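Here's the letter readout for the chains.
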Amino acid sequence: MDKTKERSIDKTTQDMLQRAKEMNIPTAWDRLESMLPQCGFGQLGICCRNCEMGPCKINPFSVKEQTGICGASADTIVARNFIRMIAGGAAAHSDHGRDIIHAFMLAAQGKTDAYGIKDEVKLKVLAREYKVKIDGRENNEIAAELADKFFLEFGRQYGEMNPPRRAPEKRVKLWRKLGIIPRGVDREIVETMHRTVMGVDNDYKNILMHGFRTALADGWGGSMIATDLSDVLFKSPEPITAKSNLGVLSRDEVNVVVHGHEPTLSDVVVDAVRSPEMIALAKKKGAKGINLVGMCCTSSEILMRHGIPVAGNFLQQELAILTGAVDLMMVDVQCIMPALSGVASAFHTKLVTTSPKNKAPGVTHVEFKAEKAYEIAKEIVKMAIENFPNRNGNGIHIPDKSEDLVAGFTAENIYNFLGGAYRATYRPLNDAIIQGRIRGLAGVVGCNNPKIKHNYGHIEMAKELIKNDVLVVVTGCSAIADSEAGLLQPEAAVKYAGKGLREICEAVGIPPILHVGSCVDNSRILIALTNVIREGGLGEDISDLPVAGAAPEWMSEKAVSIASYFIASGVLTVLGSPFQILGSKKVTNFLCNEAEDIVGGKFVFEGDPVKAAHIMIDHIDKKRKALKLKPMMYR
Amino acid sequence: MIACAVEQSSTGELFKAISETPLPVSLIEVTTAKEGESFPLQCRHCEEPYCIDACIAGAIRKDPETGLVLSDEEKCVGCWMCVMTCPFGVIRVSLLPDKKGKIAVKCDLCQDRKIPACVEACYTGALLFGEVEDLIRAVNKSKEDRDVLLNSR
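(A) The domain arrangement of chain A, seen in detail. All names here are of chain A. One can read the domain layout of chain A as domain 1 (2-57), domain 2 (74-234), domain 3 (246-395) and domain 4 (411-552 + 607-626). Between domain 1 and domain 4, the C-alpha centre-to-centre distance is 31 Å. Between domain 1 and domain 4, the residue contacts involve 11 residues of the former and eight residues of the latter. When domain 1 packs against domain 4, close to 790 Å² is buried across both sides, 65% of that on carbon and sulfur atoms. Our enumeration of links across domain 1 and domain 4 arrives at zero salt bridges. Our count for the domain 1 to domain 4 interface comes out at four residue pairs in polar contact (both at pLDDT 80 or more). Those elements that place two or more of their residues in the side of domain 1 that touches domain 4 are α1 (2-7) and α3 (28-35).

In structure tokens, the structure reads:
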């Protein structure tokens, strides 16, 4: 168990890594080893391959100032590469949002076999915001008009996007003053690509400010729209209990794993596996039933809304197949390792791609179409059932460990929780912060990365924060990590939380760490922070709040976009490993120092999650002091 | 080149090494021949090194056992004779950590490592480390491999 223990703190993961070793099947950790040492130019962001005069690389140890062939300095190259990563992340989240609008539009037009308006209240809230007439109109009519308006958020060329205006007034004014309020999602992403083409923008500050604008078009745009319309289409989450970790796979039922990000198909698969027709077919094939489980963010989507168990997070995707018990893994987009098809070929597991944007050589492709989502979902579930008899009975190894969890918190339902059904309000939360029961809020989000011990960054950081009375909200793979450690249970407050936070959790009956959804649902955190400002008593802007963010195990470009829109919204954000910017001292200084005076937030790079938690706590204390809040109640 | 500079740094970590003062110096460089082929250039540890003859301070010596040409940085007085005589141009000038002066620095084949940092960092296997006979064998083998590869296309 030597190396496996260094690779993850999660017991089931260690167990499965041992099996991978015995079966001689390489995983991401092994592939990382084969990549070492990694390219220094790449790690520092000073390799430019944006044109064919290059590739150019700047020697970070040269005493003389070097430039690329076109004359681009390290600052220009680093800034360009960095905002291209933002654009990649923003594109991914936003394209996800676009697909949701598409399904929403088809639902409004009655052109799908699966979707309808499931959250009328939220539909009307959005309609009012977009000045869509409600009175005397059917939901579908309202939705059709709204869909057009949401599509416009992507294609708008001038003016301002609407969702960013939800931010506190002072913040919106600041963005306007800085010229970084996004115009349209696609506009900003395209402009990032243009500015970074050979021979365009070479003022690193100007480049980075547009990076912020692009990121804001994600967080306050594409991601936020994805969250909003998913709530309308698939209903807004409510707190719900479920189970988590590889132990949720079943020995005697058909195991279907949905992996990826978008809820459009996975939500319909939930209906398909529950249909009597499918269950009967599964029984006919010798299974006791059908067990649907999720992986990564699509898991969070159907966990939050249906209580579907969570099989694991990013680094556990190969391990799920390694159990030999997965009859079918259905994937859509993002964070799906190309390695999966290789692992699956060693077992009976059927891997199925579903998005026209993500195919894999030799892998079965069943293309998703929103028009006949249910039909397609049933087709895929049927493939899983038919594959069940192919399981190799002896070759199955399912770890027996899983944890209980509570998920399903949103910016909206926190109102009811805190204020109770009679007086829905954020007041108790604001008061708890003002009185010093809760020190502040922290968002811990993001991926897994084999460079950091799996789940260690997330779990240790979250524990340290709640110990110091910081209420933590989590999304994505971070949320899954905490769930696997049992931190998403109300009992975790008693075990790990500081006294003040524990009192609040016990009074309200919530865990000290709130699972608010998938990675596009980081937009829920932005809205929650805005609600805290609106409630009053904690300043006028997000940057006044005693809050901090972190992505302790980040790896995806999406995390670069998320971290950027958080600092551009005024939140200090700590990263577990540095962004690929250290090759330019000026860019590093801008993003890690100067940005705080400009947009209110900045990056901090710290690999030790406990130290990182204390950087966040110190920052929260600084903000508390600036707001002249009372000292912490129990210290 | 980067791996070498990081090896010369006091922290030994890339992300920190780039901010050190003085900036660590790479003792290997990748250069291009007239034909356009690139190759790494570092100290050849000559049989009869000019640098030793040129060194007035007696700082550079040849290790009788390993054959390595080593420089004692304590003894170096910074006269740059070695830099001028080296036919390969691989002896570098480095600022002392206390910034009080400069000394000549050269490759010692990473004596405190099992494999030199440059060899470990080399992706393509262009750099190898070992005894001469083993290296000749390895190079011949890689030529054969390359021929096989070329013929198979």
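(B) Inspection of the packing of aromatic side chains at higher detail. All names here are of chain A. Considering all chains together, one arrives at 11 aromatic pairs over all chains under this definition. Taking the centre distance of 6.4 Å and the plane angle of 90 degrees together, the rings of Tyr204 and Phe590 count as edge-to-face. Of this pair, Tyr204 sits in helix α10 (residues 204-234) while Phe590 sits in helix α25 (residues 585-599); the two residues are 386 residues apart in sequence, bridging distant segments of the chain. Ring centres of Phe579 and Phe603 lie 4.9 Å apart, and the angle between their planes is 70 degrees; this geometry places the pair in the edge-to-face category. Within this pair, whereas Phe579 is found in the loop between β15 (573-575) and α25, its partner Phe603 is found in strand β16 (residues 603-605), the two being separated by 24 residues in sequence. When its relative accessible area of 0% is taken as the criterion, Phe579 is described as buried. Relative accessible area serves as the criterion here: at 1%, Phe603 is assigned to the buried category. These aromatic residues form a ring-pair network of at least three members: Phe82, Trp554, Phe579, Phe603 and Phe605.

(C) Focus on the interface of chain A and chain B. With 16 residues of chain A in contact, the opposing surface of chain B contributes 14 residues. Summed over both sides, the interface of chain A with chain B buries roughly 1,300 Å², with 78% coming from carbon and sulfur. If you look at where chain A meets chain B, you find zero salt bridges. The tally of links from chain A across to chain B stands at one residue pair in polar contact (both at pLDDT 80 or more). The greatest single-element share of the side of chain A that touches chain B, amounting to four residues, is contributed by helix α4 (residues 40-44) of chain A. Among the residues forming the side of chain A that touches chain B, the class breakdown is nine nonpolar, six polar and one charged.

(D) Layout of empty space enclosed by the protein. Residue and element names in this part refer to chain A. Going through the model one piece at a time under the given rule, you end up with six cavities of 30 Å³ or more. Of the voids in this model, the largest cavity is the one considered here, and its volume is about 360 Å³. In this structure, the largest cavity is lined by 34 residues; those nearest its centre are Ala442, Gly443, Val473, Ile525 and Leu529. Looking at the lining of the largest cavity, the elements with two or more residues in it are α17 (413-419), β11 (440-444), β12 (470-475), β13 (513-517), α23 (522-535), β14 (547-551) and α24 (557-568). Looking at the lining of the largest cavity residue by residue, the class counts come to 28 nonpolar, five polar and one charged. Volume-wise, the second largest cavity comes out at about 140 Å³. Counting residues per element, the ones that place at least two in the lining of the second largest cavity are α13 (296-306), α20 (476-484) and α24.

Conventions used here
Residues numbered from 1 in each chain as written. Chains lettered and ligands numbered in written order. Predicted model: local features only at pLDDT ≥ 70, side-chain atom pairs only at ≥ 80, totals over all residues. Heavy atoms only, no water. Domains from an automatic or database assignment. Contact = heavy atoms within 4.5 Å. Buried area = accessible area lost by both parts, 1.4 Å probe. Salt bridge = Lys/Arg side-chain N within 4 Å of Asp/Glu carboxyl O. Polar contact = N/O pair within 3.5 Å; in protein donor to acceptor, adjacent residues only side chain to side chain. Helix = DSSP H or I, 4+ residues; strand = E, 2+ residues; numbered from the N terminus. Phe/Tyr/Trp six-rings, centres within 6.5 Å; stacked < 30°, edge-to-face > 60°. Buried < 20%, exposed > 50% of the residue type's maximum accessible area, 1.4 Å probe, protein only. Nonpolar A, V, L, I, M, F, W, Y, C, P; charged D, E, K, R; others polar. 1 Å grid on protein atoms, 1.4 Å probe; cavity = no way out; pocket = protein on both sides within 12 Å on 5 of 7 lines; lining within 4 Å. Points joined across faces, edges and corners; volume = space filled by probe spheres on them.

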